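# Descriptive analysis of the structure
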Amino acid sequence: MKKLFIPTCFVVARFIGQSMHMDGPMNGATTNSCYGTCIEWNQIHSLFIYNEVALMRGQTAIDTLLRLWYDRRSMMDYKETLNLPKTSFPMKADLPKREPLFFEQWEKDHLYQKIQENRKNSPAFILHDGPPYANGDIHIGHALNKILKDIIIRYKTMQGFRTPYVPGWDCHGLPVELQLFKELGKTKHTVDRLDFRAKARQYALKYIDIQKSQFKRLGILGEWENPYLTMNFSYQASIMECFWDLYQKGYIYKGLKPIYWCASCETALAEAEVEYENKTSPSIYVKFALTQTSAQALDLLLNTSVLIWTTTPWTLPGNVAVAVHPEAEYVAFEIGEETLIAAQELIPKLQNLMNWASIKILKTFKGKDLEKLECQHPFIDRKSLLILGSHVTLDQGTGCVHTAPGHGQEDYEIGLVYHLPILSPVNAQGQFTNEVELFKGQSVFSANRAICDLLKERGALLLQKPIEHTYPHCWRCQSPVIFRATPQWFLGVDRKNLRQNSLKAIDEVKWIPSGGKNRISSMIETRPDWCLSRQRLWGVPFPIFYCKQCNKEFLDNETAQKIIQKVKKEGACAWFKYSVHDWLGETKKCASCGKGEFSKEEDIMDVWFDSGISHHAVLNKVKGLQAPADLYLEGSDQHRGWFQTSLLAAMSLSEKPPFKAVLTHGFVVDGEGKKMSKSSGNVIAPQEVIKNYGADILRLWVSSTDFFQDIRISEAILRQIADTYRKMRNTFRYLLGNLFDYDSRQHQVNSDELSELDQWVLSRLFNVHEKVSHAYQKYEFCKIYHLIDQFCIIELSAFYFDILKDSLYTLPPKSKKRKAAQSVLFEILRVLNGLLSPILVVSMEEIWQSDGLLGGPNSSVHLTNWPTVDQKWYDELLEKKWEFIQEIRSEVLKVLEDQRKSKVIGSSLEAQVELVTDREDILGCFENSNLDLKAIFIVSQASLKGMMEPWPQDYHLTGMKRLGIKVSRASGEKCQRCWNYAVTVGESEAHPLICHRCIESVSEHLRGSK
């Protein structure tokens, strides 16, 4: 009779379902049946089993089904009795659209100002902003830099510091000037200076506004309406103040020295404005014939030549000497009919290079034996002196170094020792002047070939071959630069012990990473004097006058102060606007010759001087700031740029370093580690990332990187970051959703009343908090990313939340166990929200304001303090115990998965797990513990027992020694409320579809609804 009953009921139920206008045919996946919501066919089967008694009484199948249908329709919907998550926090972030709304509200609420007001009496932490150039849109390197600064400032603010952030822009110099010339289609020789400077100011202001909006779109808070600009009148006056101070102290002088010169830009360059790239040059070996007197002094034949090597033939017109190392061994050797002199150590290389089968060594002597002998210049009627120099190396060439003091720093320095003339017969366009009659008007690089041809014609060229080597190039136009001696203004690095004082100051500064200390020290140790002069139009001029009679410079304190005050009111253009008479009047006289006719300096100051004195112009003068700054943070290239120039300026002005700590980051490269360039097509703009993903994703990417090295970015990397963000967001959504009926003021359960599992997760939260806080302090943001990622995804979502769901959803809402779990969830929400708020500024604000749990719509997480944790949460032994439990759980899950694949079970709740072991550590782990094994393994039934010999054959052996696991189908029927299988399902006539545990929860729900 039963065999006929069930099939008949399925037919009738299908008919009833269709008669109730169900969507589509009924099947096992149907979630809306004739009995109400969420009832599958196995649920109907449970009803049939329960009512088998009615069938035996003689009722027909249709009568039974109709009665059951009526009974079920009269029953309550169990879904309504579950504590299902509720939250207004959306699953989809939609950051590109939502972020601007938050940023707009922050501006409207004056959030930055409120933060500063809240901390006005707190100790200060000053991060001084290195100014980017005011030209073009920001690039991904800018985004990296500004986000790092913002993360640090937000963290320090939450730690209780007053953290004013004044962003700045570098407005003068080539970056703006070249772009504007390009737009105007003019050169510096075809524009009116004052008109051009006015246009340059407008150009810079335009891009300051553009970059400002782009930085703000990254979620950066700061004094955006009051930034520091190097072209502000007050700042320009500060530059002149510093110049005058250093001039008076004797640090600044004018001298004729070789400097980097860009013939394309027609200006001197600082070392920081030079980049080294590969270049192919003619490598030549040239004979400098010894004079008769010198040859005789060495007791050699008249046809003896010193052999030199150079890759810059164009510098030979400036040659006045040949340098040798004083202690090196040199030989005079015979080859054919001539005698050559070279370093003995390099003879084998020369033989191989020149294809000399054999040579005859005539004489050996030390380099110092050659001092002050003379050679004849190979094509100019001029003597070339043999001198000694410790800079001469024997790793390549001949050991005899061609020396032109007007074309190189080392040559210049050794030239001073020997009082050599400084010849630099090259003009601003990089062409030979009339001083070199043979090549006048020719570009120096173009003249290389003509010089080589002339040497060959004169019989002085022994060998010529191309060589590829690194060579300095202009950082802006990418043209190769030349070394050219011209009169320039310098800051003397060796004056008043500036170099040594700076090296001592470096020891007092904290360098992050520590290798930065050695890097900048080595640069300071070897750097030449700082060339301050630039032959450009857009910048701060030197407030210097020259006597027309004797060409001596003139500036006194009265005139200097007059200029500074005028610049404060009208800007640096006043220097060019007013005449010499306006500045000096009739009474000023030259101190050297007594004459009173003067001209003005036309050069402008190096932009690195502009930014280098920012500690004086900003930290010492802007209200709320102070010097030295607690931190400078820029790219690692600034060891030779802003860090170095700021240090030299500060040490010469105040004898104190401008910073307490310096942090550097690497460069952004593509996913394969290659340099980004438009020509390669691998550039990723921050604007595109924000458009596609949102600023929070870009900020999360920054936090995920080991930024002390070069940082990779690609579409694949961004997708991975977005996926991590999605998982983190889901973690927060789970937390918010399961706290919908929780009030921390009323429902909080003390930590000593929590279950072991809840206590374990609080201990883990304590650990994460401590490690994350330490990582913030050390600026190791990638550790923060990985710590929170692992905690959210592995320890919470895949373990704690997984176990917790059953209790949270099915227990009575006000039960102690559920409120205890919610107390823990609230602490996790509170702490994680605070830990991530410096990074995910919008997402954490959104969470803070969601559901009224933490704050509310009219408050901000960015006005809060760093989240606190309770020391008593930490339990090392408990953590070790649960680490062991997770290992056991991992083995159970493997067996469950195998059984699922074998179709023994479907979901894990269809399973019953039995563990057997004779291991005391496993048995002891669960002994005297109120642990719910079935909850830990997410199964319906679970047990653990000591093993009895022999080993049971139907138990799976695991990776853990002496642990057996048996998985079988769970006993009983599926509870239609909690989905666990239980033998108690069907025992209650009032609630035939649910287990006894759920009946208790439903009863409480019914009592609470009355």
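Everything in this summary refers to the structure shown in the same document. Just so it is clear, the structure is predicted and the values come from calculations on it, not from any experiment. (Residues numbered from 1 in each chain as written. Predicted model: local features only at pLDDT ≥ 70, side-chain atom pairs only at ≥ 80, totals over all residues. Heavy atoms only, no water.)

The next point concerns the overall build of the chain. Within the chain, the secondary structure is distributed over 34 helices and 35 strands. The globule rule puts the C-alpha radius of gyration for 1010 residues at 30 Å, and the 41 Å found for the chain is more than 25% above it. Expressed along its principal axes, the backbone C-alpha trace of the chain runs to roughly 140 × 75 × 55 Å. Intrachain contacts of the chain at a sequence separation of at least 6 include 77% that bridge at least 24 residues. Within the chain, the 119 negative side-chain charges are centred at a point lying 3 Å from the centre of the 121 positive side-chain charges. (Helix = DSSP H or I, 4+ residues; strand = E, 2+ residues; numbered from the N terminus. Rg over C-alpha atoms; globule rule 2.2 N^0.38 Å. Contact = heavy atoms within 4.5 Å. Lys, Arg positive; Asp, Glu negative; His and termini not counted. Charge placed at Lys NZ, Arg CZ, Asp CG, Glu CD.)

Across the ten residues of helix H24 (residues 695–704), ten count as buried, placing the element largely inside the fold. Burial in H24 covers these residues: Ala695, Asp696, Ile697, Leu698, Arg699, Leu700, Trp701, Val702, Ser703 and Ser704. (Buried < 20%, exposed > 50% of the residue type's maximum accessible area, 1.4 Å probe, protein only.)

The next point concerns the sheet that holds strand E31 (residues 941–946). With mixed pairing, four strands are arranged side by side in an open sheet as E31-E30-E33-E32. Since the sheet does not close on itself, it has two edges, and those belong to E31 and strand E32 (956–957), each with one partner. Pairing of strand E30 (residues 911–917) with E31 involves six bridges; the strand directions are parallel. Within E31, the residue paired with glutamine 912 across the bridge is glutamine 941. Across the sheet, helix H31 (residues 876–901) lies against E30, E32 and strand E33 (963–969), angled at about 40 degrees from E33, the strand it touches most. (Pairing = 2+ DSSP bridges. Axes fitted to C-alpha atoms, helices over the stretch in contact; angles between N-to-C directions.)

As a further point, take the packing of helix H27 (residues 756–777) against H31. One can describe the packing of H27 onto H31 by two numbers: an axis separation of 9 Å at closest approach and a directional angle of 110 degrees. Relative to H31, the element H27 lies roughly perpendicular. Judged by the twist between their axes, the crossing of H27 over H31 is left-handed. Residues Glu756, Leu757, Gln759, Trp760, Ser763, Arg764 and Asn767 of H27 pack against Leu878, Glu879, Lys881, Trp882 and Gln886 of H31. (Parallel < 35°, antiparallel > 145°, perpendicular 65-115°, else oblique. Left-handed = near helix turned anticlockwise from the far one by under 90°.)

Moving on: the sheet that holds strand E18 (residues 482–491). If you walk across this open sheet you meet the four strands as E7-E6-E18-E20, and the pairing is antiparallel. The open sheet has two edge strands with one neighbour each: strand E7 (267–269) and strand E20 (530–531). Pairing of E18 with E20 involves two bridges; the strand directions are antiparallel. Bridge pairing in E20 places leucine 491 opposite tryptophan 530.

The buried fraction of strand E12 (residues 338–343) amounts to five of the six residues, a majority that puts the element mostly inside the structure. Here strand E9 (residues 304–310) runs beside E12; their pairing, made up of three bridges, is parallel. Paired with valine 306 across the bridge in E12 is isoleucine 341. Here strand E11 (residues 329–335) runs beside E12; their pairing, made up of six bridges, is antiparallel. Bridge assignment links isoleucine 335 to a residue of E12, and that residue is glutamate 338.

Take empty space enclosed by the protein next. Picture a little ball the size of a water molecule; that probe, rolled over the atoms, points out where space is still empty. Here the structure, examined in full by the defined rule, presents five cavities of 30 Å³ or more. By volume, the largest cavity amounts to about 100 Å³. Looking at the lining of the largest cavity, the elements that each hand over two or more residues are helix H6 (111–118) and helix H7 (140–158). In terms of residues, the lining of the largest cavity owes the most to one element, H7, which gives five residues. The residue makeup of the lining of the largest cavity, split by class, is six nonpolar, four polar and two charged. The calculated volume of the second largest cavity comes to roughly 70 Å³. (1 Å grid on protein atoms, 1.4 Å probe; cavity = no way out; pocket = protein on both sides within 12 Å on 5 of 7 lines; lining within 4 Å. Points joined across faces, edges and corners; volume = space filled by probe spheres on them. Nonpolar A, V, L, I, M, F, W, Y, C, P; charged D, E, K, R; others polar.)

With 143 residues, the main nonpolar core has Trp701, Tyr800 and Ile828 as its most contacted residues. Tallying contributions element by element places helix H28 (residues 781–810) first for this core, with 14 residues. The residues touching isoleucine 828, leaving out its near neighbours within four places in the chain, are Leu735, Val761, Leu765, Phe791, Leu796 and Tyr800. Membership of the second largest hydrophobic core comes to 81 residues, among which are Leu246, Ala505, Ala574 and Leu648. (Core = buried A, V, L, I, M, F, W, Y, C linked by side-chain atoms within 4.5 Å.)

To continue, consider the packing of H7 against H27. A pair of packed helices can be characterised by two numbers: the angle between their axes and the separation between those axes. At a minimum axis separation of 10 Å, H7 and H27 run at an interaxial angle of 120 degrees. Considering the angle they form, H7 stands oblique to H27. Like other packed secondary-structure pairs, H7 and H27 cross with a definite hand, here left-handed. Contact residues: Ile151, Tyr155 and Lys156 in H7; Ser773, Tyr776 and Gln777 in H27. Broken down by class, the residue content of the contact of H7 with H27 amounts to three nonpolar, two polar and one charged.

Burial analysis of E9 places seven of its seven residues in the buried class, which makes it a mostly covered element. Neither face of E9 is exposed, since Thr304, Val306, Ile308 and Thr310 on one face and Ser305, Leu307 and Trp309 on the opposite face are all buried. Of the pairings in the sheet, the one linking strand E8 (residues 274–290) to E9 comprises six bridges and is antiparallel in character. By the bridge assignment, tyrosine 285 is partnered in E9 with tryptophan 309.

A few words on the packing of aromatic side chains. Under the criterion given, the structure shown has 46 aromatic pairs. Aromatic ring contacts, followed pair by pair, group Tyr155, Phe707, Phe708, Tyr776, Phe781 and Trp866 into a single cluster. The lysine or arginine in question, lysine 600, covers the ring of tryptophan 575, its NZ or CZ lying 5.6 Å from the ring centre. In this structure, lysine 974 packs its charged tip against the face of tryptophan 979, placed 4.8 Å from the ring centre. (Phe/Tyr/Trp six-rings, centres within 6.5 Å; stacked < 30°, edge-to-face > 60°. Lys NZ or Arg CZ within 6 Å of the ring centre and 35° of its normal.)

Another point: the pattern of salt bridges. Considering all chains together, one arrives at 51 salt bridges under this definition. The partner of arginine 98 in a salt bridge is glutamate 846, and the shortest N-O contact between them spans 2.6 Å. In this pair, arginine 98 is assigned in helix H5 (residues 95–108) and glutamate 846 in helix H30 (residues 841–849), connecting sequence segments 748 residues apart. Shared partners join several salt bridges into a network, and the residues in it are Asp129, Lys146, Lys149 and Glu634. (Salt bridge = Lys/Arg side-chain N within 4 Å of Asp/Glu carboxyl O.)

What follows deals with helix H10 (residues 233–249). Taking 1.5 Å per residue as the helical rise, H10 with its 17 residues ought to reach 24 Å, and the 24 Å between its terminal C-alpha atoms agrees with that figure. Those residues of H10 lying buried are Tyr235, Gln236, Ala237, Ser238, Ile239, Met240, Cys242, Phe243, Trp244, Leu246 and Tyr247. Glycine 250 occupies a position one or two residues after H10 and carries a positive phi of about 95 degrees. (Expected span 1.5 Å × (residues − 1).)

On to unusual backbone geometry, then. Omega for the peptide link from isoleucine 512 to proline 513 comes to -5 degrees, which places this bond in the cis form. Within the secondary structure, proline 513 sits in the loop between strand E19 (510–512) and helix H16 (515–526). The step from alanine 627 to proline 628 runs through a cis peptide bond, and the omega angle for that step is 0 degrees. Topologically, proline 628 is positioned in the loop between helix H21 (614–619) and strand E26 (631–635). The phi torsion at asparagine 355 lies on the positive side, around 60 degrees, for a residue other than glycine. One non-glycine residue, lysine 372, lies in the positive phi region at around 70 degrees. As for its placement among the helices and strands, lysine 372 is situated in the loop between strand E13 (360–366) and strand E14 (374–376).

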